[in-house]
Amino acid sequence: METHIGIKEHDRLEIALELSKLLADEFVLYTKTRNAHWNVEGADFYTMHLFFEKQYDELDDIIDDIAERIRAIGHFAPATLKRYSQLTRLTEETREENTSLGLIKELLQDHLTIIFHLRENINRFASDLHDLGTSDFITGLMETHEKMAWMLRAHLK
């Protein structure tokens, strides 16, 4: 059944591609946050273990919401590791130590990358692609990532 929601098909296709890239970024960040949860070492292990768990739970919800947004505009969400690795703008490579500070620095950079990409697309989705719903949706995601980044940054003071 065709999707008639007031957005032209070529615009919905472009929106779905951008959301798919975002989904891939979120999945990589989720995996890296899981890694931090499992592998953090140091005197603050238990506290950071719980902190990272809270963050990956939030990312899990974000992933689901993005996939459902892609479906709502009439496209299929990518759902393989191969496709995520092709679409992501993040790297799986860990450049820091398995200390809480090392892992936090790494995760913070990834959140900032996502924030910048979200901010770049807010007006594009609304003006160029005529999708106020997705524009509003990613504005909310940006605010969530800004809060998560703040929580990470607070540990670096």
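Details of the structure are given in the entry above.
In this text the structure is predicted, and so the values were computed from the model without any measurement. Position numbers for residues start from 1 in each chain and track the written sequence from start to end. Only residues with pLDDT of 70 or above have their local features reported here, since the model is predicted, and side-chain atom pairs are shown and tallied only from 80 upward, although totals for entire chains, interfaces and linings are computed over all residues. Values reported for side chains reflect all heavy atoms of the structure, with hydrogen atoms and water molecules removed beforehand.

J.: Is there a simple way to think about the side chain of Q55 in this case?
T.: By the element assignment, Q55 lies in helix α2 (residues 45-72). Overall, Q55 belongs to the buried group, its relative accessible area being 4%. In this structure, Q55 is in contact with T33, H111, M148, M151 and L152, ignoring residues within four places of it in sequence. Secondary structure is summarised from DSSP: a helix means a run of H or I of at least four residues, a strand means a run of E of at least two, and numbering begins at the N terminus for each. Only protein chains enter the accessibility calculation, which uses a 1.4 Å probe. A residue is then buried if its area is under 20% of the maximum for its type, exposed if over 50%, and partly exposed in between. By definition in these notes, contact holds between two residues if any of their heavy atoms fall within 4.5 Å.

J.: Hey, could you run me through the pattern of salt bridges in this one?
T.: Opposite charge on two side chains permits them to pair, given that their charged atoms come into close proximity. Salt bridges are identified by distance alone: a Lys or Arg side-chain nitrogen within 4 Å of an Asp or Glu carboxyl oxygen. Across all of its chains, the model carries 10 salt bridges by this definition. Measuring nitrogen to oxygen at the nearest pair gives 3.9 Å for the salt bridge that ties E18 to R124. Taken as a pair, E18 in helix α1 (residues 9-39) and R124 in helix α4 (residues 100-128) lie far apart in primary sequence, 106 residues in all. Judged by relative accessible area, which is 11%, E18 ranks as buried.

J.: Looking at this structure, how should I read the nonpolar core?
T.: Generally speaking, a soluble globular protein has its nonpolar side chains buried in company with each other. Core analysis: the largest hydrophobic core is formed by 43 residues, its most contacted members being L19, L22, F52, I66, I138 and L141. Elements supplying a minimum of two residues to this core: α1, α2, α3 (81-87), α4 and α5 (132-154). In this text, buried Ala, Val, Leu, Ile, Met, Phe, Trp, Tyr and Cys residues form a nonpolar core when linked through side-chain atoms within 4.5 Å.

J.: Is there a simple way to explain a nonpolar patch on the surface in this structure?
T.: Together, F45, Y46 and L50 line one region of the surface with nonpolar side chains, adding up to about 300 Å² of accessible area. Note that F45 resides in helix α2. Like charges within 9 Å and nonpolar side chains (Val, Leu, Ile, Met, Phe, Trp, Tyr) within 5 Å are joined into patches, using only residues over 30% in relative accessible area that form no salt bridge. In these tables, accessible area is a Shrake-Rupley quantity obtained with a 1.4 Å probe, and a residue counts as shielded only by the protein chains included in the view.

J.: So what exactly am I meant to see when it comes to the packing of aromatic side chains here?
T.: Aromatic rings in a pair are described by how distant their centres are and how their planes are angled relative to each other. Between 30 and 60 degrees the pair is tilted, below 30 it is stacked and above 60 it is edge-to-face, where a pair is any two Phe, Tyr or Trp rings, Trp via its six-membered ring, whose centres lie within 6.5 Å. The full count for this structure, using the stated rule, is four aromatic pairs. Between Y30 and Y56, the ring centres sit 6.0 Å apart and the planes meet at 85 degrees, which makes this aromatic pair edge-to-face. Here Y30 is found in helix α1, whereas its partner Y56 is found in helix α2, with 26 residues between them in sequence. For the pair Y30 and Y56, a shared accessibility class is recorded, and that class is buried. Each member of the aromatic cluster is reached from another via a ring pair, and the members are F27, Y30, Y56 and Y84. Positioned above the aromatic ring of Y56, the side-chain terminus of R34 is 3.8 Å from the ring centre. Ring-over charges, as used throughout, are those where CZ of Arg or NZ of Lys falls within 6 Å of the ring centre and within 35 degrees of the ring normal.

J.: Help me understand the environment of H155 in this model?
T.: Mapped onto the fold, H155 is located in the segment after α5. On the basis of relative accessibility, which here comes to 33%, the residue H155 falls in the partly exposed class. The sequence separation of H155 and L29 amounts to 126 residues, and the corresponding C-alpha distance is 18 Å.

J.: I would appreciate a short explanation of the packing of α4 against α5 in the present structure.
T.: Relative orientation and spacing of two packed helices are given, respectively, by the angle between their axes and the distance between those axes. It is the contact of α4 with α5, at a shortest axis distance of 8 Å, that shows an interaxial angle of 160 degrees. The angle between α4 and α5 places the two elements in the roughly antiparallel class. In terms of crossing hand, the pair formed by α4 and α5 is left-handed. Under the scheme applied, nonpolar residues are Ala, Val, Leu, Ile, Met, Phe, Trp, Tyr, Cys and Pro; charged residues are Asp, Glu, Lys and Arg; polar residues are all the others, including Gly. Along the lines of polarity and charge, the residues of the contact of α4 with α5 split into 17 nonpolar, six polar and three charged. Axis definition: a line fitted to C-alpha atoms, limited for helices to the stretch in contact. Angles are taken between N-to-C directions and run from 0 to 180 degrees. Orientation is classified from the angle alone, with under 35 degrees giving roughly parallel, over 145 giving roughly antiparallel, 65 to 115 giving roughly perpendicular, and any other angle giving oblique. Here a crossing is called left-handed whenever its near helix is offset anticlockwise from the far helix by less than a right angle, and right-handed whenever the offset is clockwise.

J.: How should the side chain of T134 be read in this particular structure?
T.: Structurally, T134 can be placed in helix α5. Given the relative accessible area of 0%, T134 is considered buried. Sequence-distant contacts of T134, defined by excluding residues within four places in its chain, comprise I15, L19, R69, I73 and F125.

J.: Explain a negative patch on the surface here, please?
T.: Neither His nor the chain ends contribute to the count of charged residues, in which Lys and Arg are positive and Asp and Glu negative. Where a charge sits is defined by one atom per residue type, namely NZ (Lys), CZ (Arg), CG (Asp) or CD (Glu). A cluster of acidic side chains, namely D57, E58, D60, D61, D64, D65 and E68, defines a negative patch on the protein surface. Mapped onto the fold, D57 is located in helix α2. Looking at D57, the relative accessible area reads 41%, which means it is partly exposed.

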